[in-house]
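Report on the structure
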Amino acid sequence: MGTKYKEVFTAIEKDILDGRYDATRKLNTEDAYIEEFNVSRNTIRNAIDLLIKRGYCFPIQGSGVFLRRKKPAYGYDLENINSLTNYMAPLQVTNELLEFREIPANEEMAKRIEVPIGSPLYYVVRMRYVDHKPYVYETLFFNKVLMSDFAFDDAQGSIYDYLNNKMKQPITFIDLVIQVARIDLEEARNLQLVLGDPCLLVDGYCMTRTGDIIMFYTQIFHYENARLLKMASYF
Amino acid sequence: MRIKFKEIYDSIEADIRGGVYDGSHKLLSEDEYADKYDVSRDTVRRATDLLIARGYCFPVQGKGVFLRRHKIEGAVNLENIGGLTQDLLPHEITSKVILFTEVLADKALAENMGCAIGTPLTCFERLRLIDNEPHSFETIYYVSSRIKVSEDVLNGSIFQYIKSNLKIVLAMTDFVIQAVKLTPREADLLDLKPGDPGLRFENFGMDRKGEIIHYGWIVYHFKKMRCLKMVSFL
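Residues numbered from 1 in each chain as written. Chains lettered and ligands numbered in written order. Predicted model: local features only at pLDDT ≥ 70, side-chain atom pairs only at ≥ 80, totals over all residues. Heavy atoms only, no water.

Thoughts on the overall build of chain A
Put simply, the rule reads: Counting from the N terminus, the helices are the DSSP runs of H or I reaching at least four residues and the strands are the DSSP runs of E reaching at least two. Radius of gyration: over C-alpha atoms. The globule rule applied is 2.2 Å multiplied by the number of residues raised to the 0.38 power. Burial classes: relative accessible area under 20% of the type maximum marks a residue as buried, over 50% as exposed, and values in between as partly exposed (1.4 Å probe, protein chains only). Every residue pair with non-hydrogen atoms within 4.5 Å of one another is taken to be in contact. Residue-level accessible areas treat just the shown protein chains as cover; the underlying method is Shrake-Rupley with a 1.4 Å probe.
Secondary structure summary: chain A contains seven helices and ten strands in total. By the compact-globule yardstick of 18 Å for 235 residues, chain A fits well, its C-alpha radius of gyration being 20 Å. For chain A, the C-alpha atoms occupy an extent of roughly 55 × 40 × 35 Å along the three principal directions. With 235 residues in all, chain A has 54% of them scored as buried. Excluding contacts between residues fewer than 6 apart, the proportion of contacts in chain A whose partners are at least 24 apart in sequence is 58%. Looking at chain A as shown, the accessible area adds up to about 10700 Å², and 49% of this sits on carbon and sulfur atoms.

So this is what it looks like as structure tokens:
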């Protein structure tokens, strides 16, 4: 039961992202989904509740569940921050791995990841493109102690997919701090911008269910090509 | 019932923000809340489920519900972006109305507000100051026939006014968050230079049926605004 509704959620989420409901802007009825997935009404309701919480849709009493406004192109939804690659589909996401090595935690990283100074970290720098346009420059620090074997190839693809498939404890929480800053030379060069241009600067702390920090990252988003979305509900 | 769980949610949320649990980093037990609010454990659970979904806390099986790092100095939680006032206490927040006028919807506005081109809109611009220093510059549009706002309302909370006086409840807001270069006018109002960075929130406020109540954008002083978003995959 616990995972069944997640499966249904994932299937309907994919349908929404793929545009299956674009014509009607409305989800199917509970009955139609019961038949489609061959599960109980409760399971369907739990899946739809989660879709509502994540900001994909909203219920209108007596009329059904409707899709929320169409997301702007190249927007990255903060509720679904776990995989740029999946979220941007069918737009192509390509990654360019700029750095990958093991380093000892300095004072700042030790504090952020909550490990002793000198603890082993994997340090990864990547440039990511959406639809061949520079989108985000990211610097990631992994707590090596919590990682099984992590290799060069793993750092090139979707890191969330890697963590969620290979780790005993998947990422359950992410705390993000979002601000705007001026970009530095190295970031500007990679993002094809000019020193001092604005950027969205996001710090992320990725945690397991028990609150242990697996990874800390800093993302610098291209100010013209990228935007973040937050779908708030007050019901 | 529905109202009740929301009231309890609001009350526990206020306690979390007020630092009631800062010592233990842990919520009370379901039984303790059931006693305190005189409601069923089911109602308490609905309230804590929402607190978990909004990222305030997380459950550890058999041990209770623990607080997340919801307080980062000076950061505003995106779940409460309307409630700037609460997150920035004890600072003094004031507003200065820059413009209050009526305009006709052009193509872009009509599209964003879901109305016909030429529909009369009420537009206002407001500078918000924290401890007398410019913090953000806000531009908001309302469909005039639907939301009648007078200038004196603008000095207080418009959301509160719309809710209590017009009985229109804001049910959802879509935010599009971007980094921008400030225009000369924005820079002047925010005490910055044209081309300096700005944090821009475009927002679409909607009622329960998804119809637009307000549309607009806020540009924040880049050195004075940080936001917090807590994602949960539970």
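This is not the end of the story, as more comes after the structure.
Things to note about the sheet that holds strand β8 (residues 198-207) of chain A
The pairing of strands in a sheet happens through backbone hydrogen bonds and is either parallel or antiparallel. Test applied: A strand pair is defined by DSSP finding two or more bridges across the two strands. Lines are fitted to the C-alpha atoms to define the axes, a helix being fitted only along its stretch in contact, and any angle between axes, read from their N-to-C directions, falls within 0 to 180 degrees.
Across the sheet, eight strands lie side by side as β4(A)-β5(A)-β6(A)-β9(A)-β8(A)-β7(A)-β10(B)-β3(B); this open sheet has mixed pairing. Among the strands making up the open sheet, the edge pair consists of β4 (93-104) of chain A together with β3 (75-77) of chain B. Each strand axis lies, on average, 20 degrees off the axis of its neighbour in the sheet, ignoring direction. Its contacts with the sheet put helix α6 (residues 159-166) of chain A on β5 (120-130), β6 (133-143), β7 (173-182), β8 and β9 (213-222) of chain A, and the angle it makes with β9 of chain A is roughly 165 degrees.

As for the confidence of the model for chain A
Which entries qualify depends on this criterion: Note: pLDDT gives the predictor's confidence per residue, expressed from 0 to 100.
For chain A, the mean per-residue pLDDT works out to 90, and 98% of the residues sit at or above 70. Across chain A, the element-wise mean pLDDT spans from 78 in α6 of chain A up to 96 in helix α7 (residues 185-191) of chain A.

Here's the deal with the interface of chain A and chain B
Our working definition: Throughout this description, the term salt bridge denotes a Lys or Arg side-chain nitrogen within 4 Å of a carboxyl oxygen of Asp or Glu. Counting of polar contacts relies on pairs of N or O atoms within 3.5 Å, with two restrictions inside protein: one atom must be capable of donating a hydrogen and the other of accepting it, and residues adjacent in sequence are counted only when both atoms are side-chain atoms. Each residue is assigned to one class: nonpolar for Ala, Val, Leu, Ile, Met, Phe, Trp, Tyr, Cys and Pro, charged for Asp, Glu, Lys and Arg, and polar for all the others, Gly among them.
At the interface, 46 residues of chain A touch 45 residues of chain B. Summed over the shared surface of chain A and chain B, the result is five salt bridges. Here R182 of chain A and D196 of chain B are joined by a salt bridge, their closest N and O atoms 2.5 Å apart. One can count 15 residue pairs in polar contact (both at pLDDT 80 or more) joining chain A with chain B. Breaking the side of chain A that touches chain B down by element, the ones donating at least two residues are β1 (57-60), β7, β8 and β10 (227-233) of chain A. Per-element tally for the side of chain A that touches chain B: the top contributor is β7 of chain A, with ten residues. Class assignment for the residues of the side of chain A that touches chain B results in 28 nonpolar, five polar and 13 charged. Sheet analysis places β7 of chain A next to strand β10 (residues 226-232) of chain B, joined by six bridges and oriented antiparallel. Note that in β10 of chain B the partner of L176 of chain A across the bridge is K229 of chain B.

A few points about the packing of helix α2 (residues 30-37) of chain A against helix α3 (residues 41-53) of chain A
All names here are of chain A. Note the threshold: To sort the angles, those under 35 degrees are grouped as roughly parallel, those over 145 as roughly antiparallel, those from 65 to 115 as roughly perpendicular, and the leftovers as oblique.
Packing of α2 against α3 brings their axes to within 9 Å, and their N-to-C directions diverge by 110 degrees. Taken together, the axes of α2 and α3 are roughly perpendicular relative to one another. Listed contacts from α3 to E30, D31, Y33, I34 and F37 of α2 are R41, I44, R45 and I48. Its residues assigned to classes, the contact of α2 with α3 shows five nonpolar, no polar and four charged.

With respect to the side chain of R128 of chain A
Residues and elements named next belong to chain A. Along the chain, R128 turns up in strand β5. With a relative accessible area of 6%, R128 lands in the buried category. One polar contact links R128 to N95, side chain to side chain, over a distance of 2.7 Å. The contacts of R128, once residues within four sequence positions are left out, are L84, T85, V93, T94, N95, K133, P134, Y135, V136 and E138.

Concerning the side chain of N225 of chain A
Residue and element names in this part refer to chain A. Tracing the sequence through the fold places N225 in the loop between β9 and β10. Polar contacts involving the side chain of N225 include one to the main-chain carbonyl oxygen of P134, which spans 2.9 Å. Filtering out sequence-adjacent residues up to four positions away, N225 remains in contact with Y74, K133, P134 and Y135.

Some words on the state of the cysteines
Rules: Only a pair of cysteine sulfur atoms within 2.5 Å counts as a disulfide in this structure description.
One pass over the structure, following the stated rule, counts zero disulfides over all chains. Free cysteine C206 of chain A: the closest other cysteine sulfur is in C227 of chain B, separated by 18 Å. In this structure C123 of chain B is a free cysteine whose sulfur lies 13 Å from that of C115 of chain B, the closest cysteine sulfur available.

Topic: the nonpolar core
Generally speaking, a soluble globular protein has its nonpolar side chains buried in company with each other. The line we're drawing: Residue types Ala, Val, Leu, Ile, Met, Phe, Trp, Tyr and Cys, when buried and joined through side-chain atoms within 4.5 Å, form a set referred to as a nonpolar core.
Ranked by size, the top nonpolar core spans 130 residues in total, and within it L27, Y135, F142, L163, I174 and M215 of chain A carry the most contacts. Broken down by element, this core gets its largest block of residues, eight residues, from β5 of chain A. Apart from the residues lying within four places of it in its own chain, the contact partners of F142 of chain A are P120, L121, Y122, V124, M147, F150, I159, L163, I214 and M215 of chain A. In this structure, Y9, A34, L50 and I52 of chain B belong to the second largest nonpolar core, which totals 19 residues.

Remarks on the pattern of salt bridges
Counted under the stated rule, the structure contains 28 salt bridges over all chains. The shortest N-O distance in the salt bridge between R45 of chain A and E30 of chain A comes to 3.0 Å. Of this pair, R45 of chain A sits in helix α3 while E30 of chain A is found in helix α2, placing the two residues 15 residues apart along the sequence. Note on R45 of chain A: relative accessible area 42%, which makes it partly exposed. When the shortest N-O distance is used, the salt bridge between E79 of chain A and K229 of chain B registers 2.6 Å. Taken as a pair, E79 of chain A in the loop between β3 (75-77) and α4 (84-88) and K229 of chain B in strand β10 lie in two separate chains rather than in one. K229 of chain B shares its class with E79 of chain A; the two are buried. Look at the salt bridges and you will find they share partners, linking E30, D31, R41 and R45 of chain A into a network.

What about the sheet that holds strand β5 (residues 120-130) of chain B?
An order of β3(A)-β10(A)-β7(B)-β8(B)-β9(B)-β6(B)-β5(B)-β4(B) is seen for the eight strands of this open sheet, with the pairing classed as mixed. Each edge of the open sheet carries a strand with a single partner, namely β3 of chain A together with β4 (93-104) of chain B. Neighbouring strand axes in the sheet, compared pairwise and without regard to direction, differ in orientation by 20 degrees on average. Relative to strand β6 (residues 133-143) of chain B, β5 of chain B runs antiparallel, the two being bridged by ten bridges. Bridge pairing in β6 of chain B links C123 of chain B to Y141 of chain B.

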